[in-house]
Amino acid sequence: MPSSTVEDYLKAILQLQGGERDQQVSMGQIATALSVVPGTVTSMVKALADSGLVSYEPYSGVRLTAAGRQLALRVLRRHRLIELFLVEVMGIDWGQVHSEAEHLEHAVSDMLVDRMEEMLGYPAVDPHGDPIPSADGELVELDHPSLVSCELETQWRVSRITDQSPEFLRLVDRHGLVPGCELRVLERDEAADTVTVRLTHGEVARLGLRAGLKVLVEAVE
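Worth saying up front: this structure is predicted, and the values here are computed from it rather than measured.

*Asks:* Explain the overall build of the chain to me, please; I cannot follow it from the model alone.
*Replies:* Counting its secondary structure elements, the chain contains eight helices and seven strands. Principal-axis analysis of the C-alpha atoms places the extent of the chain at approximately 55 × 45 × 30 Å. Within the chain, the proportion of its 221 residues that are buried is 41%. About 11,500 Å² of surface is accessible on the chain, with carbon and sulfur atoms providing 51% of the total.

Take a look at the structure:
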């Protein structure tokens, strides 16, 4: 079984690659994501390359191999299903589940994760709207616009919150901007650095443009 450190690195590289399988990730990006020094990253990446889990090019970057991607998807699947289970079944606040899932994702078996998925009704996304990889390693990444790029005066539904820090989740929760809520973007003011939205129930919320970039939406059919 891979160590928790190996799993952490592979999951971080997967998330930094986004939906681009061939995207190279720099040592600095990984160091920032895992809060470690670049030298530590280089040593670990070389070990992962020796194990056939990543392809490493010095001074260029690293990408996951097919084997590394499958393992990373398994870890990401565990993480996101655990987050949803903690919210939906155990009633834990969605701003607290990320750190808990970081620990539990290395401890639970695939059998237990599959049972969680069954109990949750085979969900497609976690509490923050992030897609959950399937048991056979498929991950559907949808290209949704943000509050900063979507059309004005169109009915939208919040689909995903990309910043899952407790502070940001408290901010969007306070405004009711949680996955599933419907809204219209009324205006964007670059001079004031704000985006203004009206929720379906009538409340008007105003966020900074940087915050608006982190709230993704999908069209309401």
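Here the narrative resumes, following the displayed structure.
*Asks:* Is there a simple way to think about the packing of aromatic side chains in this case?
*Replies:* Within this structure, the stated rule accounts for zero aromatic pairs. The residue whose ring lies beneath Lys214 is Phe168, and the NZ or CZ to ring-centre distance is 5.2 Å.

*Asks:* Would you mind going over the pairing of strand E3 (residues 156–161) with me for this structure?
*Replies:* Within a regular beta strand, the side chains point alternately toward one face of the sheet and then the other, so they alternate between its two faces. In terms of burial, E3 is largely enclosed, as five of its six residues are buried. As defined by bridge partners, E3 adjoins strand E4 (residues 182–189) across two bridges and the pair is classed as antiparallel. Of the residues in E4, the one forming a bridge with Arg157 is Glu182. Pairing between E3 and strand E7 (residues 215–219): five bridges, direction antiparallel. Counted as the bridge partner of Arg157 is Glu218 from E7.

*Asks:* Where do I start with the side chain of Arg160 in this structure?
*Replies:* Mapped onto the elements of the fold, Arg160 is located in strand E3. One polar contact links Arg160 to Asp130, side chain to side chain, over a distance of 2.5 Å. Excluding its chain neighbours within four sequence positions, the residues that come into contact with Arg160 are Arg80, His128, Gly129, Asp130, Pro131, Glu141, Lys214, Val215 and Leu216.

*Asks:* It is not clear to me how the sheet that holds strand E6 (residues 204–208) should be interpreted in this structure. Could you clarify?
*Replies:* Sheets are built from strands paired through backbone hydrogen bonds, the pairs being either parallel or antiparallel. With antiparallel pairing, five strands are arranged side by side in an open sheet as E6-E5-E4-E3-E7. A single partner strand is all that each edge strand has here, and the edge strands are E6 and E7. The sheet shows a mean angle of 45° between the axes of neighbouring strands, direction not considered. Two elements, E4 and strand E5 (residues 194–199), share six bridges in a ladder whose sense is antiparallel. Counted as the bridge partner of Asp189 is Thr194 from E5. Together, E3, E5, E6 and E7 form the strand contacts of helix H7 (residues 166–175), whose direction differs from that of E6 by roughly 155°.

*Asks:* What's the story with helix H1 (residues 4–17) in this structure? I'm lost.
*Replies:* Side chains of residues three or four places apart in an α-helix project in the same direction, reflecting 3.6 residues per turn. Along its 14 residues, H1 runs 20 Å from first to last C-alpha, staying within 8% of the 20 Å computed at 1.5 Å per residue. Among the residues making up H1, those that are buried are Val6, Glu7, Tyr9, Leu10, Lys11, Ala12, Ile13, Leu14 and Gln17. Packed against the buried residues of H1 are helix H2 (27–34), helix H3 (38–50), strand E1 (54–57), strand E2 (61–64), helix H4 (66–88) and helix H5 (97–104). Looking one or two places after H1, you find Gly18, whose phi comes out positive at around 65°.

*Asks:* Mind showing me how you'd approach the side chain of His128 here?
*Replies:* With respect to the helices, strands and loops of the structure, His128 is situated in the loop between helix H6 (110–119) and E3. Residue class for His128 comes out buried when judged on its relative accessible area of 0%. Setting aside chain neighbours within four positions, we find His128 in contact with Glu83, Trp94, Val97, Ser159, Arg160, Ile161, Gln164, Leu169 and Pro179.

Basis of the calculations
- Residues numbered from 1 in each chain as written.
- Predicted model: local features only at pLDDT ≥ 70, side-chain atom pairs only at ≥ 80, totals over all residues.
- Heavy atoms only, no water.
- Helix = DSSP H or I, 4+ residues; strand = E, 2+ residues; numbered from the N terminus.
- Buried < 20%, exposed > 50% of the residue type's maximum accessible area, 1.4 Å probe, protein only.
- Areas by Shrake-Rupley, 256 points an atom, 1.4 Å probe, with all protein chains shown as cover.
- Phe/Tyr/Trp six-rings, centres within 6.5 Å; stacked < 30°, edge-to-face > 60°.
- Lys NZ or Arg CZ within 6 Å of the ring centre and 35° of its normal.
- Pairing = 2+ DSSP bridges.
- Polar contact = N/O pair within 3.5 Å; in protein donor to acceptor, adjacent residues only side chain to side chain.
- Contact = heavy atoms within 4.5 Å.
- Axes fitted to C-alpha atoms, helices over the stretch in contact; angles between N-to-C directions.
- Expected span 1.5 Å × (residues − 1).

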